[in-house]
Amino acid sequence: MLTRRNFGLAGIGLVAAAAGMRTVTSHANEENMSTTTETFEITKTPEEWRKILTPEQYYVLREHGTERAGTSPLDKTYADGTYDCAACALPLFSSETKFNSGTGWPSFYKPLDNAIGTTVDKGFFMTRTEVHCRRCGGHLGHVFPDGPPPTGLRYCMNGVALKFVPKSDKSTG
Ligand SMILES: [Zn+2]
């Protein structure tokens, strides 16, 4: 019979085993194996996501894919507005923090408050910090420590995971 204490130890063992497995599998497929145990406000089945996302959006947001550099029109967009999650429409970034990183992906030095979550993505040759939507868990891109002031961070985003919403000409200016 499992005592409470034994059960706890078994639980720790399971977590360790899962972590070990993840390290092994992520070697085989770096891009796709960043799993997370976070729970999100918005959860849908793969079938439900496929109904509302384009194949390209699904590949990036749900399968941690990466769009080809230079393919997003948002890379060269500098109009005033916000960049919302393409899956759940949560505002994620402001045009005020966007900069030209020269990478071919839309880049920002800071996300909006309470917009994103991160996980550590351990690949074979490098460790990266994965960035996802706080509300639906959709994969957005990665954050690197080589951005401009004031944060020194570079949020390297897939444009296909974002929806640009131009600032409306209302009186708030
Ligand atoms: Zn979202």
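Data block above holds the structure.
Rules used in this analysis
Residues numbered from 1 in each chain as written. Predicted model: local features only at pLDDT ≥ 70, side-chain atom pairs only at ≥ 80, totals over all residues. Heavy atoms only, no water. Donors = N, O, S within 2.8 Å, 3.2 Å for Na, K, Ca; no water. Tetrahedral: all angles 85-135°; square planar, octahedral: opposite > 155°, others 65-115°. Patch = residues over 30% accessible without salt bridge, like charges linked within 9 Å, V, L, I, M, F, W, Y side chains within 5 Å. Areas by Shrake-Rupley, 256 points an atom, 1.4 Å probe, with all protein chains shown as cover. Salt bridge = Lys/Arg side-chain N within 4 Å of Asp/Glu carboxyl O. Helix = DSSP H or I, 4+ residues; strand = E, 2+ residues; numbered from the N terminus. Core = buried A, V, L, I, M, F, W, Y, C linked by side-chain atoms within 4.5 Å. Buried < 20%, exposed > 50% of the residue type's maximum accessible area, 1.4 Å probe, protein only. Phe/Tyr/Trp six-rings, centres within 6.5 Å; stacked < 30°, edge-to-face > 60°. Pairing = 2+ DSSP bridges. Axes fitted to C-alpha atoms, helices over the stretch in contact; angles between N-to-C directions. Polar contact = N/O pair within 3.5 Å; in protein donor to acceptor, adjacent residues only side chain to side chain. Contact = heavy atoms within 4.5 Å.

Participant: For this particular structure, what's the right way to read the coordination of the zinc ion?
Facilitator: Ideal geometry at a metal gives 109.5 degrees between four tetrahedral donors and either 90 or 180 degrees between six octahedral ones. Summarising the metal site, the zinc ion is bound by the protein donors Cys 85 (SG), Cys 88 (SG), Cys 133 (SG) and Cys 136 (SG), whose distances to it range over 2.3 to 2.4 Å. One way to put it: the four donor atoms around the zinc ion meet at angles of 102 to 114°, and that makes the site tetrahedral.

Participant: Quick question: what am I supposed to make of a nonpolar patch on the surface here?
Facilitator: On the surface, Phe 124, Phe 125 and Met 126 cluster together into a nonpolar patch covering about 400 Å² of accessible area. One can find Phe 125 in the loop between strand 5 (116–122) and strand 6 (127–133).

Participant: Looking at this structure, how should I read unusual backbone geometry?
Facilitator: Note: most peptide bonds trans; most residues except glycine with negative phi. In this model, Pro 149 is joined to Pro 150 through a cis peptide bond whose omega is 5°. Tracing the backbone shows Pro 150 in the loop between strand 7 (139–144) and strand 8 (154–157). Residue Asn 114 is not a glycine yet carries a positive backbone phi of 55°.

Participant: Explain the nonpolar core here, please?
Facilitator: The tendency in soluble globular proteins is for nonpolar side chains to be buried side by side. In this structure, Cys 85, Leu 92, Phe 93, Leu 140, Tyr 155, Met 157 and Leu 162 are the most contacted members of the largest nonpolar core, which totals 28 residues. Counting only elements with at least two residues in this core, the list comes to helix 3 (55–61), strand 1 (81–85), strand 2 (91–94), strand 6, strand 7, strand 8 and strand 9 (162–166). Per-element tally for this core: the top contributor is helix 3, with three residues.

Participant: How should I be thinking about the packing of aromatic side chains in this particular structure?
Facilitator: Centre-to-centre distance and the angle between the planes together describe a pair of aromatic rings. This structure, assessed with the given rule, holds four aromatic pairs. Aromatic pair Tyr 83 and Phe 108: ring centres 5.0 Å apart, planes at 70°, arrangement edge-to-face. Linking Tyr 83 in strand 1 with Phe 108 in strand 4 (residues 107–108), this pair joins segments that are 25 residues apart in sequence. Given the relative accessible area of 0%, Tyr 83 is considered buried.

Participant: Just checking my understanding: could you explain the sheet that holds strand 4 for this structure?
Facilitator: Pairing between the strands of a sheet comes from backbone hydrogen bonds, and it takes one of two forms, parallel or antiparallel. Taken together, six strands build an open sheet; the order of strands is 3-4-8-7-6-5 and the sheet is antiparallel. Edge positions in the sheet fall to strand 3 (98–99) and strand 5, since each of these pairs with one other strand and no more. Where strand 7 and strand 8 come together, four bridges link them in antiparallel fashion. Bridging across to strand 8, His 142 finds its partner in Cys 156.

Participant: Got a minute to help me understand the sheet that holds strand 9 in this structure?
Facilitator: Within the open sheet, the three strands sit side by side as 2-1-9. Their pairing is antiparallel. For this open sheet the edge positions go to strand 2 and strand 9, each flanked by a neighbour on one side alone. In this sheet, neighbouring strand axes are inclined to one another by 30° on average, regardless of whether the strands run parallel or antiparallel. By the bridge criterion, five bridges tie strand 1 to strand 9 in an arrangement that is antiparallel. Bridging from a neighbouring strand, Thr 82 pairs with Val 165 of strand 9.

Participant: In this structure, what is going on with the side chain of Ser 72? I would like to understand it.
Facilitator: For Ser 72, the position within the fold is in the loop between helix 3 and strand 1. Classification of Ser 72 by relative accessible area gives buried; the value is 7%. Engagement of the side chain of Ser 72 in a polar contact is seen with the backbone nitrogen of Leu 74, the distance being 3.0 Å. Here Ser 72 is in contact with Glu 67, Pro 106, Gly 159 and Val 160, once residues within four sequence places are set aside.

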